Amino acid sequence: MTTTADRLFDEVTRDDAGLRRWLHGLPGVDEVGADARAAMLGTRSIKTTAKKWALDLAIRMVDLTTLEGADTHGTVRSLAAKARRPDPEDPSCPQVAALCVYNDLVPVALEHVRGSGVKVAAVSTAFPSGRASLAVKVADTRDAVSAGADEIDMVIDRGAFLAGRYGQVYEQIVAVKQVCAEGQQLFGRPAHLKVILETGELVTYDNVRRAAWLAMLGGADFVKTSTGKISPAATLPVTMLLLEAVRDWHDLTGQVVGVKPAGGIRTAKDAIKHLVLVHETAGPDWLDPDRFRLGASSLLNDLLLQRRRMTIGAYASADHLTLN
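The rules we used
- Residues numbered from 1 in each chain as written.
- Predicted model: local features only at pLDDT ≥ 70, side-chain atom pairs only at ≥ 80, totals over all residues.
- Heavy atoms only, no water.
- Helix = DSSP H or I, 4+ residues; strand = E, 2+ residues; numbered from the N terminus.
- Buried < 20%, exposed > 50% of the residue type's maximum accessible area, 1.4 Å probe, protein only.
- Contact = heavy atoms within 4.5 Å.
- Pairing = 2+ DSSP bridges.
- Axes fitted to C-alpha atoms, helices over the stretch in contact; angles between N-to-C directions.
- Polar contact = N/O pair within 3.5 Å; in protein donor to acceptor, adjacent residues only side chain to side chain.
- Salt bridge = Lys/Arg side-chain N within 4 Å of Asp/Glu carboxyl O.
- Phe/Tyr/Trp six-rings, centres within 6.5 Å; stacked < 30°, edge-to-face > 60°.
- Core = buried A, V, L, I, M, F, W, Y, C linked by side-chain atoms within 4.5 Å.

S.K.: Quick question: what am I supposed to make of the environment of Val 118 here?
M.R.: Looking at the secondary structure, you find Val 118 in the loop between α6 (106-113) and β3 (119-124). Residue classification places Val 118 among the buried positions, given a relative accessible area of 5%. The spatial distance from the C-alpha of Val 118 to the C-alpha of Gly 263 is 21 Å, given a sequence separation of 145 residues. Those residues in contact with Val 118, other than ones at most four positions away along the chain, are Ala 83, Arg 84, Gln 95, Val 96, Ala 97, Ala 98, Leu 99 and Val 113.

See below:
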């Protein structure tokens, strides 16, 4: 099937030389200007009357994540319960967008969120390094898709990208996207593909912009900042660059691509800064869990505490909330 993007970029040869010409032809990033604009937007506040709405929206955008080697079935069961009912004492509290786990725990996660509407995302393609052969990455993704994962969070090979092997990175994204499409035959819907750029390793803002456009050209449904395993992870300037990229992509192709900052977003204040950034950069249409996610493990509890404060006028004890 020929897409709008294919027609728009049909003059681009998908080898290293062709992709290099195209990616390096993108406008350069004014790093000082980007930092200044992100910092300015980060100081914006929202009215008290809108804060409850913003907290609920942020909860609905959370990809509740556990990616530890010590994760057990019990860990996932507990987190699935929290994903479905983040605040057990308040049934009006919305559920989160997704539960993100390793491949082997996808069946457990699916069992415990079934019927809730909470998606199950699986990290794939040799997460978090991305250093594996294409055959291994395809098999890793097929394992998760066959298990029923709604979403795949793949990592690009940053070493290949930084070495200028853009064709290799592009081919891997395309191949993983094709495996995600197999979900259509298996479950009646394709798995959505989130492409993790690991922006903290990309060195420059120009590289971040190029990686985002390369991911979208390859078929990404979302572009994601980070694995959460290195620092720096999600920063406001980098998230702003990704929002600019998906906005411009939509203007050119009509295709919607989402953005997911992940790692280092720990407080409700951080989350609201990101919502302001979304509104002012990509526009209000991106203030939707289908277009913007917050990858987090510890963020949810602070959102819940702030939400309770808005409801009862005082901070509730954190003892009322589960650690996971």
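Resuming the write-up.
S.K.: What exactly am I supposed to notice about the pairing of strand β4 (residues 151-155) here?
M.R.: Both faces of the sheet carry side chains from a regular strand, because those side chains alternate between them. Taken across its five residues, β4 has five buried, putting it largely inside the fold. Here β4 shows no split at all, with Glu 151, Asp 153 and Val 155 on one side and Ile 152 and Met 154 on the other all buried. Bridge count for β4 against strand β5 (residues 192-196) is five bridges, and the pairing is parallel. For Met 154, the partnering residue across the bridge sits in β5 and is Val 195.

S.K.: Is there a simple way to think about the sheet that holds β4 in this case?
M.R.: Sheet strands line up and pair through hydrogen bonds in the backbone, either parallel or antiparallel. The strand order β7-β6-β5-β4-β3-β2-β1-β8 describes an open sheet built from eight strands, whose pairing is parallel. Two strands in the sheet have a free side with no partner beyond their single neighbour: β7 (258-260) and β8 (294-296). Recorded for the sheet is a direction-independent mean angle of 25° between the axes of neighbouring strands. Examined bridge by bridge, strand β1 (residues 62-65) and β8 share three bridges and lie parallel to one another.

S.K.: Honestly, the side chain of Asp 87 in this entry has me stumped. Any pointers?
M.R.: As for its placement among the helices and strands, Asp 87 is situated in the loop between α5 (73-84) and β2 (98-102). Among the polar contacts listed, one links the side chain of Asp 87 to the side chain of Arg 308, at a separation of 2.8 Å. Excluding residues that lie within four positions of it along the chain, Asp 87 makes contacts with Cys 93, Leu 304 and Arg 308.

S.K.: In this structure, what is going on with the pattern of salt bridges? I would like to understand it.
M.R.: Pairs may arise between side chains of opposite charge once their charged atoms sit close together. Using the criterion set out here, one finds 22 salt bridges in the structure. Two residues, Asp 56 and Lys 52, come together in a salt bridge whose shortest N-O distance is 3.4 Å. Residue Asp 56 and its partner Lys 52 are both found in helix α4 (residues 48-61); the two are separated by four residues, about one turn of the helix. Assessed through its relative accessible area of 17%, Asp 56 is described here as buried.

S.K.: I would appreciate a short explanation of the packing of aromatic side chains in the present structure.
M.R.: How two aromatic rings sit relative to each other is given by the distance of their centres and the angle of their planes. Under the definition given, this model contains four aromatic pairs. Ring plane angle 70° and centroid distance 5.7 Å describe the contact between Trp 213 and Trp 249, whose orientation is recorded as edge-to-face. In this pair, Trp 213 is assigned in helix α11 (residues 205-218) and Trp 249 in helix α12 (residues 236-253), connecting sequence segments 36 residues apart. One exposure class covers both Trp 213 and Trp 249, and it is buried.

S.K.: So what exactly am I meant to see when it comes to unusual backbone geometry here?
M.R.: Outside of glycine, negative phi angles account for most residues, and trans bonds account for most peptide bonds. The peptide bond linking Phe 127 to Pro 128 adopts the cis configuration, its omega dihedral lying at 0°. With respect to the helices, strands and loops of the structure, Pro 128 is situated in the loop between β3 and α7 (134-147). Note the cis peptide between Ser 231 and Pro 232, where omega equals 0°. Tracing the sequence through the fold places Pro 232 in the loop between β6 (222-224) and α12. A positive phi angle, close to 60°, is found at Ala 126, a residue other than glycine. For Ala 126, the location among the structural elements is in the loop between β3 and α7.

S.K.: Could you clarify how one ought to interpret the nonpolar core in this entry?
M.R.: Across soluble globular proteins, you tend to see nonpolar side chains buried next to one another. The biggest cluster of nonpolar side chains holds 96 residues, and the ones touching the most others in it are Leu 99, Ile 152, Val 195, Leu 197 and Leu 303. Not counting residues up to four positions away in its chain, the partners in contact with Leu 303 are Leu 55, Ala 58, Ile 59, Val 62, Ala 268 and Ala 271. If you look at the next biggest cluster of nonpolar residues, it comprises seven residues, including Leu 67, Cys 100, Ala 121 and Val 123.

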